[in-house]
Amino acid sequence: MMKRVAIVGGGVAGLAAAYELARLAREGAALQVVLFEASTRLGGIIETVHEGGFVMECGPDAWVTEKPWARELAEELGLGDEVMPSNDATRKTYVLVDKKLQAMPDGMRMMVPGDLDALDASELFSAEAKQAYHHEIDRAEELRTTAPDGDESVAEFTRRHFGEEVLTKIAAPLLSGVFGGDVAKLSVRAVMAPFVAMEREHGSLISALRARSSDSKKHAVFTTLRSGMGTLVDRMIAAIPEEWIRLAAEVRFISYGEEGWLVGTARGVERFDAVMMAAPVDVARSLLQPLDAEMAQEMEMDASSSVVVGFGFPDALKFAVPPGFGFLVPPGPDSLLLAGTFVDQKFADRVPQGGRLVRAFFGGKAAERMMRCGNDETAAVARMELARILGPLPAPQVTVVRRWPRSLPQYAVGHLDRIKRLDDRVREFSGLYLLGNGYRGVGVPDLVRDARAAARQIAPQS
Ligand SMILES: Cc1cc2nc3c(=O)[nH]c(=O)nc-3n(C[C@H](O)[C@H](O)[C@H](O)COP(=O)(O)OP(=O)(O)OC[C@H]3O[C@@H](n4cnc5c(N)ncnc54)[C@H](O)[C@@H]3O)c2cc1C
């Protein structure tokens, strides 16, 4: 029997679900699918702008290499030749301390050093912080046996292992640079699960990192596509039947009853057997609220807004930046900027010959305030903030500004338990699937993995 599936939202999660359903339909599964996208373009937060020879990412610029699901999808889509590692030979990240960029020691995995000699040689940390790092290895047994049974914040976890200085100098800026989030609230189990597993096994995170196979250290940390992340979106779209996709089709209500699912837009109401809810968690919550208040309550979470500003300069020689991938700014009252990326040094083929591409990232309260600014004003703030750290900027050839309101849901302490409760509620509604970045990971690979797995559950076996 033909199964009708509604997908709400055409970001990477909704698209990966549609792509997988299309693949299964080609293999003979009896499926009729409608992908409802509120805006006039697909891809959601993934967007690559090509202008003047610059390849500018407005949202994600790469995925974490260790997670294979985005790469697998790219290869399946015929993009094997496009898959490209970050330039890890020149990997260096700086932290702004006392108004100066200080290099993080080589071999760091987030806040955990893989190379203690590099740590000792580093100027980023005080003698006390270095000592705390060395001492963490001796405290392995104590850390293993006293690890809390339940969740805790990233701040508490980092403090227990390495102390306050490492928390403020590395963990806080790293986490706010990635999640736009507050380390005092973010759940360590949800956002740093591998470290929690390392603690459980080894106690010391430094020892655990040293015990890892040398193989896993050989891979570049990030992977992307030569022509940009937007190509992943374009290729998925090309593999989805055109008649499945509806743009400018905002879903305004959803109901569930004996007749199945009803999905309503301004153009009318249609019946479906399953709903894959891949809209941002705020939207999903308000659509599902009338069905189940308890479910909606579990979906109530803080989310951080972000603003991205990319500047493309024709002549790198006129704008020198330190070698490496970029810098992080510890969150604080004095700074709006959270991170800056030296894009042309992080990845190959991002600029025309001799060009320079720098990207500024704002999150949290600063981004919230910037939501109300126009593009010119936002670009001016970004220029000023970058100049404060890097020195005067020449006139850019290309400027791209993007605002992503409430785009990064905050996985607060207890998030995994919340998701268990949410899954219990969802199971009460046959054919409902929650996809997207509010639940089981914010990264592109996680979203691809989840969406494709859900699609396989839905498709009737042919
Ligand atoms: C600035 C930034 C940088 C990031 N960098 C990285 C990175 O480098 N690597 C990485 O792995 N991850 C990164 N992330 C995270 C990742 O990009 C996102 O988590 C992911 O793209 C979200 O995809 P999604 O499909 O869940 O949601 P979205 O991309 O938000 O898509 C949701 C879609 O639903 C549509 N929609 C909304 N309401 C409705 C409605 N009522 N009806 C129909 N459609 C609706 C929206 O228009 C949108 O197209 C970054 C995120 C941000 C914000």
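Residues numbered from 1 in each chain as written. Predicted model: local features only at pLDDT ≥ 70, side-chain atom pairs only at ≥ 80, totals over all residues. Heavy atoms only, no water.

Draft legend 1. Structural context of a positive patch on the surface. On the surface, Lys-185, Lys-365, Arg-369 and Arg-372 cluster together into a patch of positive charge. With respect to the helices, strands and loops of the structure, Arg-372 is situated in the loop between helix H16 (364–370) and helix H17 (375–390). Of the residues examined, Arg-372 reaches a relative accessible area of 69% and is grouped as exposed. (Patch = residues over 30% accessible without salt bridge, like charges linked within 9 Å, V, L, I, M, F, W, Y side chains within 5 Å. Areas by Shrake-Rupley, 256 points an atom, 1.4 Å probe, with all protein chains shown as cover. Salt bridge = Lys/Arg side-chain N within 4 Å of Asp/Glu carboxyl O. Lys, Arg positive; Asp, Glu negative; His and termini not counted. Charge placed at Lys NZ, Arg CZ, Asp CG, Glu CD. Helix = DSSP H or I, 4+ residues; strand = E, 2+ residues; numbered from the N terminus. Buried < 20%, exposed > 50% of the residue type's maximum accessible area, 1.4 Å probe, protein only.)

Draft legend 2. Representation of the packing of aromatic side chains within the structure. Considering all chains together, one arrives at nine aromatic pairs under this definition. The interplanar angle of 70° and the centroid separation of 5.0 Å between the aromatic rings of Phe-313 and Phe-319 together place this pair among those described as edge-to-face. Each member of the pair, Phe-313 as well as Phe-319, is classed as buried. Taken together, the ring pairs in this structure connect Phe-125, Tyr-133 and Phe-162 into an aromatic cluster. Lying over the aromatic face of Phe-272, Arg-4 brings its terminal NZ or CZ to 4.6 Å of the ring centre. Above the ring of Phe-222, the side-chain terminus of Lys-346 is found at 4.6 Å from the ring centroid. (Phe/Tyr/Trp six-rings, centres within 6.5 Å; stacked < 30°, edge-to-face > 60°. Lys NZ or Arg CZ within 6 Å of the ring centre and 35° of its normal.)

Draft legend 3. How the structure looks around the sheet that holds strand S18 (residues 326–328). If you walk across this open sheet you meet the seven strands as S8-S7-S18-S19-S20-S17-S21, and the pairing is mixed. Since the sheet does not close on itself, it has two edges, and those belong to strand S8 (100–103) and strand S21 (398–409), each with one partner. Adjacent strand axes in the sheet meet at a mean angle of 25° when their direction is disregarded. Relative to S18, strand S7 (residues 93–97) runs parallel, the two being bridged by three bridges. Pairing of Thr-93 across the sheet is with Gly-326, part of S18. (Pairing = 2+ DSSP bridges. Axes fitted to C-alpha atoms, helices over the stretch in contact; angles between N-to-C directions.)

Draft legend 4. Layout of the pattern of salt bridges. Evaluated as defined, the whole model comprises 36 salt bridges. Between Glu-165 and Lys-169 there is a salt bridge; the shortest N-O distance is 2.9 Å. Placement of both Glu-165 and Lys-169 in helix H7 (residues 164–179) is noted, with a separation of four residues, approximately one turn of the helix. Of the residues examined, Lys-169 reaches a relative accessible area of 17% and is grouped as buried. Close ionic contact of Asp-450 with Arg-449 constitutes a salt bridge, the shortest N to O distance being 3.3 Å. Judged by relative accessible area, which is 18%, Asp-450 ranks as buried. Overlapping salt bridges, with partners in common, bring together Glu-20, Arg-23, Glu-27, Glu-76, Arg-452 and Arg-456 in one network.

Draft legend 5. A look at the packing of helix H1 (residues 12–26) against helix H12 (residues 230–238). Contact geometry for H1 and H12: axes closest at 9 Å, N-to-C directions at 35°. Of the two possible hands of crossing, H1 and H12 adopt the one that is left-handed. On H12, the residues touching Val-12, Leu-15, Ala-16 and Tyr-19 of H1 are Val-233, Met-236 and Ile-237. When the residues that make up the contact of H1 with H12 are grouped by side-chain class, the tally is seven nonpolar, no polar and no charged. (Left-handed = near helix turned anticlockwise from the far one by under 90°. Contact = heavy atoms within 4.5 Å. Nonpolar A, V, L, I, M, F, W, Y, C, P; charged D, E, K, R; others polar.)

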